[in-house]
Amino acid sequence: MLFNSFQFALFFAVVMGALVALPRRLEGRVLVAASLSFYALWVPSLLPLLMGLLAGNYLLVRMMVKSGHPGRYVAVSVVLTLSVLSLYKYGAFAAESLAPLVPSAHRAVPKLAALVLPFGISFYSFEIISLSVDIRHGRLPCPSFGRYVLFVTFFPHLVAGPIMRGEELLPQLENGGRRTPERTRRGLWLFAVGLLKKTLLSDFLLLPFVTPAFTTPGVLEGPAHLVAMYSFAFQIYFDFSGYSDMARGIACVLGYELPTNFEEPYLSRDPSEFWQRWHITLSRWLRDYLYVPLGGNRRGPARTLANLMITMLLGGLWHGAGFNFILWGGLHGLLLVGYRLLGRRTREHAEPLRWADLPRVLVMFHLVCLIWIPFRTASFKDAILFYRGLASGGYLHGWPILPLAIVCLCAALHLLERAIRERLPLLHAKLAGAWWGPAFEGLMMGGALTIAILSSGAGVQFIYFQF
Amino acid sequence: MSTRARAVLRAMSFVLSFAMGSALAWSLGGWVVAKSGAARNGTALDLPPLVHKWRARMMNDGGPRRIAIVGDSMLFALPGMPSLPDRLNAFFRHQKGRNRQATVHPLSWPAWSMIGQYCVADEIVAAKPDLIALELNARSLEPGPLGIFSYTEMAGWIEPRRWLEAMRLPLWDAGVTLNRLLFYRLLVAAELEAPWRALIDRQARLLNSRDPVEDWLVKKMGGITTQGASFMSSFGTQIRYSVPGKNRGTAEMLDRQIGSLMRGMDADSPRLRLLGALLRRFHEAGIPTVVWLSPINVEHLKSLGMSFAGLDHSIASVRAVVEASGAELADFHGLLPDALFRDAGDHFTLDGEHSGGAILAPRLGRALLRAVPSPAPPPSTKENAARAVQ
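Analysis parameters
- Residues numbered from 1 in each chain as written.
- Chains lettered and ligands numbered in written order.
- Predicted model: local features only at pLDDT ≥ 70, side-chain atom pairs only at ≥ 80, totals over all residues.
- Heavy atoms only, no water.
- Core = buried A, V, L, I, M, F, W, Y, C linked by side-chain atoms within 4.5 Å.
- Buried < 20%, exposed > 50% of the residue type's maximum accessible area, 1.4 Å probe, protein only.
- Helix = DSSP H or I, 4+ residues; strand = E, 2+ residues; numbered from the N terminus.
- Domains from an automatic or database assignment.
- Contact = heavy atoms within 4.5 Å.
- 1 Å grid on protein atoms, 1.4 Å probe; cavity = no way out; pocket = protein on both sides within 12 Å on 5 of 7 lines; lining within 4 Å.
- Points joined across faces, edges and corners; volume = space filled by probe spheres on them.
- Nonpolar A, V, L, I, M, F, W, Y, C, P; charged D, E, K, R; others polar.
- Patch = residues over 30% accessible without salt bridge, like charges linked within 9 Å, V, L, I, M, F, W, Y side chains within 5 Å.
- Areas by Shrake-Rupley, 256 points an atom, 1.4 Å probe, with all protein chains shown as cover.
- Salt bridge = Lys/Arg side-chain N within 4 Å of Asp/Glu carboxyl O.
- Buried area = accessible area lost by both parts, 1.4 Å probe.
- Axes fitted to C-alpha atoms, helices over the stretch in contact; angles between N-to-C directions.
- Parallel < 35°, antiparallel > 145°, perpendicular 65-115°, else oblique.
- Left-handed = near helix turned anticlockwise from the far one by under 90°.
- Phe/Tyr/Trp six-rings, centres within 6.5 Å; stacked < 30°, edge-to-face > 60°.
- Lys NZ or Arg CZ within 6 Å of the ring centre and 35° of its normal.
- Lys, Arg positive; Asp, Glu negative; His and termini not counted.
- Polar contact = N/O pair within 3.5 Å; in protein donor to acceptor, adjacent residues only side chain to side chain.
- Pairing = 2+ DSSP bridges.

### Considering the nonpolar core
Residue and element names in this part refer to chain A. Core analysis: the biggest nonpolar cluster contains 200 residues, and Phe38, Phe155, Leu254, Tyr266 and Trp372 have the highest contact counts within it. For this core, the element with the highest residue contribution is helix H10 (residues 222-254), accounting for 20 residues. Two domains each put at least three residues into this core: domain 1 (28-176) and domain 2 (183-269 + 353-401). With residues near it in sequence (within four places) discarded, Phe155 still touches Phe3, Phe8, Phe11, Phe12, Val15, Leu31, Ala34, Ser35, Phe38, Ile250 and Leu254.

Structure, rendered in structure tokens:
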């Protein structure tokens, strides 16, 4: 179920009630039951696939631990998981793409197309693979089956991440959640902010203009295309980062910490920094479990560039079965490769932003926005139409005032996010200490929640659920 | 003050402020709606009053036989032109003899497909029609063209005894997930429909308050309005997916809309499974059902060179599902020529005696007459007296 739904509010109230009422030693079981129910309450028939995949992989992990040839078992685990992922996610796409070459593939298309993508499969598949690999390399001890299941299915991150690493969550699950007033307060804030990002900014303010502009590219004038391009960039950011904030907030209230997934990516100064700020948990997964095993930058410059391209192309494909996603990944790969060829240094994302960085930030933001276009359009043809729309002129006739104002607001909020994030511990401490703290927090959260409910009229799913 | 008392005070101040914040935001929403005067689009919440009215009309009909005709926009009227149900009623009025009399009661909702119909199946049964004439729009067999099902709240109408079946059906890919099914049922069972409607109404109006706000902004600051963007987008889509100079779909659009039907559907395809479940519900209630496959523009499809290789197989699958569920199929898919369709959605013409509606109505009427049970004998004088006493 969606985090921004009444159903989830009821579900969460029941889970919290159970956690508070039942003895602490049962916490793990309560969370497993809650997580499996969370998934089954979406579509019960998809639960056996998830459980089958978990049981199969756990068996392989156990055998791997006992075996003298662990590499074989990890290979089987990876192949099994990727096969299931490929069948559901890429089966129809592969059959359609192969049909011109292999006529018999065409017959398989309807059957494969009828397989509906199980929620969260892209996310939990990666987590299963990372667990197998980490246990194989001795970075993690083999957990019990209960912990293994809970690690993958823990409901705050089950369907759309953050993509967790064993070392981050397993110890927390082992020790049980640490619920404190401070964490509850922080969790509620995170949830409220995430909810507003999703419902008010992404769905209510940005989406109504993005949809028509991208559905029929080329119909509106140049400025409208430009503003729609910016709007989509912010829409997808607020949608996904809003979801991630909510996931982190829910986990926080339960007493667990999930990693940050976004750190104001549109303030990046170069392609490498962008990927340290955008969907951070996916980027590091691709780095650690794909780029590095491919050889990373250890096998010479040419191989490094090839590895970068392969990683980004596969990263694009991870987002969806379509040439537009591959193109999107490829374009980002080219940016990274180009940047490396220019010999520019890679910045650490922690380096403070200066006014002198403004031109770089603007260039990077526009490059990212341009690359978003094939990601959003329905086809390659539409992407070309959109680019043509951008170049169609009309920039002196007037600009779409409301969408432009919304984009400016979003940009300001993006900057504000950075300023607030840097001062967050101080703000929390101040609110916790002040006599007016609870009243202020209550007022803000009550208002935010109601505004989020009122602005949920569009009732749209999270964009990243489809991946 | 003790620590405990302070904690209680802080908690109370949080709760009170939370309520105040909510009330303020709710009022602000109401103020924006009132100021903007925004109307709202149709939502699933408009359906219950429609169904209640329909049911009341059906129950109050004292005629010999009552036929429920259930469908989508194919049943709609156009200004000054009789709808298909109007023509069916005219057909039955012209029949001679009590055995050939019937009244048609249309229940239609745009693009609700068999997903929506499955949700309201219990309501249809509760109206106790003598026969159900269920329209099968070829486009509803394809999961894609109608997009994600917009009326998920209809799931609240599914009776608990059908939940197990509903969970196994491919309803969820259209958005009717188990948690929604349970939640909306809870709203119905707890009689919370009124506050829910108030909330949805405010949400929908707020969503539409964008236009007046934009008007105000443009007046104040200049610039161009985007109010036409949605319209231009739909218009652009229509142009893009229309054969130049004709109000007919391109091969690309038709492939998206009825591609599966043309390529060949098996009886276990998702939408046919749903159709089977819907028909079984009617059959269990002892209500005979005629499924009529609405006309598709075969002539136009041929002119585009589209393949008909799988159409016969698809129709055989539909027939197999319909008959296995105790219903009958009246297949009108190839009935009308290109000239008798008025748009790319295969809506037939309604004007005049040579319109699509005029040609379809008597054929459908005859199919319904064959299927509808004989009317009960008129009540005797004794029974009439007993009724009068009651």
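### Some words on the layout of surface pockets
For the second largest pocket, the calculated volume is near 1200 Å³. For the lining of the second largest pocket, the secondary structure elements donating two or more residues are helix H9 (181-215), H10, helix H17 (401-422), helix H18 (424-433) and helix H19 (437-454) of chain A together with helix H1 (3-36) of chain B. Considering every element that reaches the lining of the second largest pocket, the biggest residue donor is H9(A), with nine residues. Residues that form the lining of the second largest pocket fall into these classes: 24 nonpolar, seven polar and nine charged.

### Section: a nonpolar patch on the surface
Residues and elements named next belong to chain A. Nonpolar side chains collect at one region of the surface, where Leu416, Ile420, Leu424 and Leu427 lie side by side and expose about 310 Å² of accessible area between them. Broken down by secondary-structure element, the contributors of at least two residues to the nonpolar patch are H17 and H18. Of note, Leu427 is situated in helix H18.

### A short note on the pattern of salt bridges
When charged atoms on two side chains of opposite charge get close, those side chains can pair. Under the definition given, this model contains 33 salt bridges over all chains. In this structure, the salt-bridge partner of Glu174(A) is Arg147(A), at a minimum N-O distance of 3.5 Å. Here Glu174(A) is found in helix H8 (residues 166-175), whereas its partner Arg147(A) is found in helix H7 (residues 145-153), with 27 residues between them in sequence. The salt bridge partner of Arg66(B) is Asp130(B), with a shortest N-O separation of 3.8 Å. You can see Arg66(B) sitting in strand S1 (residues 66-71) and its partner Asp130(B) sitting in the loop between helix H5 (121-126) and strand S3 (131-136), a full 64 residues away along the chain. Residue classification places Arg66(B) among the buried residues on the basis of a relative accessible area of 12%. Note on Asp130(B): relative accessible area 25%, which makes it partly exposed. Counted as one network, the salt bridges with shared partners bring together Glu182(A), Arg183(A), Arg186(A) and Glu257(A).

### Topic: empty space enclosed by the protein
Per the stated rule, a full pass over the model turns up four cavities of 30 Å³ or more. Estimates place the volume of the largest cavity at around 70 Å³. Tallied by class, residues from the lining of the largest cavity come to eleven nonpolar, one polar and no charged. Roughly 50 Å³ of internal volume is contained in the second largest cavity.

### A short note on the domain arrangement of chain A
A common way to express how large an interface is: the accessible area buried when the components associate. Residues and elements named next belong to chain A. In terms of domain boundaries, chain A breaks down into domain 1 (28-176) and domain 2 (183-269 + 353-401). Computed from C-alpha atoms alone, the centre-to-centre distance between domain 1 and domain 2 is 29 Å. Both faces considered, domain 1 and domain 2 share a buried interface measuring about 1100 Å² in area, 72% of it formed by carbon and sulfur atoms. Ranking the residues of domain 1 by area buried against domain 2 places Pro156, Pro162 and Gln172 at the top, with a combined share of 42%. Taken together, domain 1 and domain 2 are joined by zero salt bridges.

### Looking at the packing of helix H3 (residues 47-66) of chain A against helix H4 (residues 70-98) of chain A
The geometry of a pair of packed helices is captured by two quantities: the angle between their axes and the separation between those axes. Residue and element names in this part refer to chain A. Contact geometry for H3 and H4: axes closest at 8 Å, N-to-C directions at 165 degrees. Taken together, H3 and H4 sit at an angle that is classed as roughly antiparallel. The element H3 and its partner H4 pack so that their crossing is left-handed. Contacts from Leu49, Leu53, Asn57, Leu60, Met63 and Met64 of H3 reach H4 at Pro70, Tyr73, Val74, Val76, Ser77, Leu80, Thr81, Val84 and Tyr88. Here the residues of the contact of H3 with H4 sort into twelve nonpolar, three polar and no charged.

### Side note on the packing of aromatic side chains
Here a ring pair, both rings aromatic, is described through the centre-centre distance and the interplanar angle of the planes. Under the definition given, this model contains 55 aromatic pairs over all chains. Their ring planes at 90 degrees and their centres at 5.9 Å tell us that Trp436(A) and Phe440(A) sit as a pair that is edge-to-face. With relative accessibility at 35%, the residue Trp436(A) sits in the partly exposed group. Above the face of the Phe308(B) ring, Lys302(B) is positioned so that its terminal group lies 5.8 Å from the ring centre.

### Topic: the side chain of Asp343(B)
All names here are of chain B. Looking at the secondary structure, you find Asp343 in the loop between strand S5 (328-331) and helix H15 (356-371). No salt bridge is formed by the buried Asp343, whose closest oppositely charged neighbour, Arg342, lies at an N-O distance of 4.5 Å. Polar side-chain contacts of Asp343 include one of 2.9 Å to the backbone nitrogen of Gly345. In this structure Asp343 touches Asn247 and Arg248, once residues within four positions along its chain are discounted.

### Things to note about the side chain of Glu123(B)
Following the sequence through the fold, Glu123(B) ends up in helix H5. For Glu123(B), the contacting residues outside a window of four places in its chain are Val51(B), Trp54(B), Arg55(B) and Trp157(B).

### Side note on unusual backbone geometry
One non-glycine residue, Glu264(A), lies in positive phi territory at about 40 degrees. Of note, Glu264(A) is situated in the loop between H10 and helix H11 (271-277). Unlike most non-glycine residues, Lys128(B) shows phi in positive territory, near 50 degrees. With respect to the helices and strands, Lys128(B) occurs in the loop between H5 and S3. Judged by its relative accessible area of 55%, Lys128(B) falls in the exposed class.

### A look at the sheet that holds S5(B)
All names here are of chain B. One open sheet accounts for five strands, arranged S2-S1-S3-S4-S5; its pairing is parallel. Where the open sheet ends on each side, the last strands, each with one partner, are strand S2 (103-108) and S5. The sheet shows a mean angle of 25 degrees between the axes of neighbouring strands, taken without regard to direction. As judged from the six bridges shared by S1 and S2, these two strands associate in the parallel manner. Bridge assignment links Arg66 to a residue of S2, and that residue is Thr103. Along the sheet, helix H2 (residues 47-60) makes contact with S1 and S2, crossing S2 at roughly 170 degrees. Packed onto the sheet, helix H14 (residues 311-324) meets S3, strand S4 (289-293) and S5 and runs at close to 150 degrees relative to S5.

### Things to note about the interface of chain A and chain B
Residue-level contacts link 55 residues of chain A with 48 residues of chain B. Roughly 4400 Å² of surface becomes buried between chain A and chain B when both sides are summed, with 70% attributable to carbon and sulfur atoms. Of all residues in chain A, Ile401(A), Leu402(A) and Leu454(A) bury the most surface against chain B, accounting for 16% of the area lost on that side. Remark: the boundary between chain A and chain B carries zero salt bridges. Our enumeration of links across chain A and chain B arrives at eleven residue pairs in polar contact (both at pLDDT 80 or more). Going through the elements one at a time, helix H1 (6-21), H9, helix H16 (380-390), H17, H18 and H19 of chain A are the ones with two or more residues in the side of chain A that touches chain B. For the side of chain A that touches chain B, the element with the highest residue contribution is H19(A), accounting for 13 residues.

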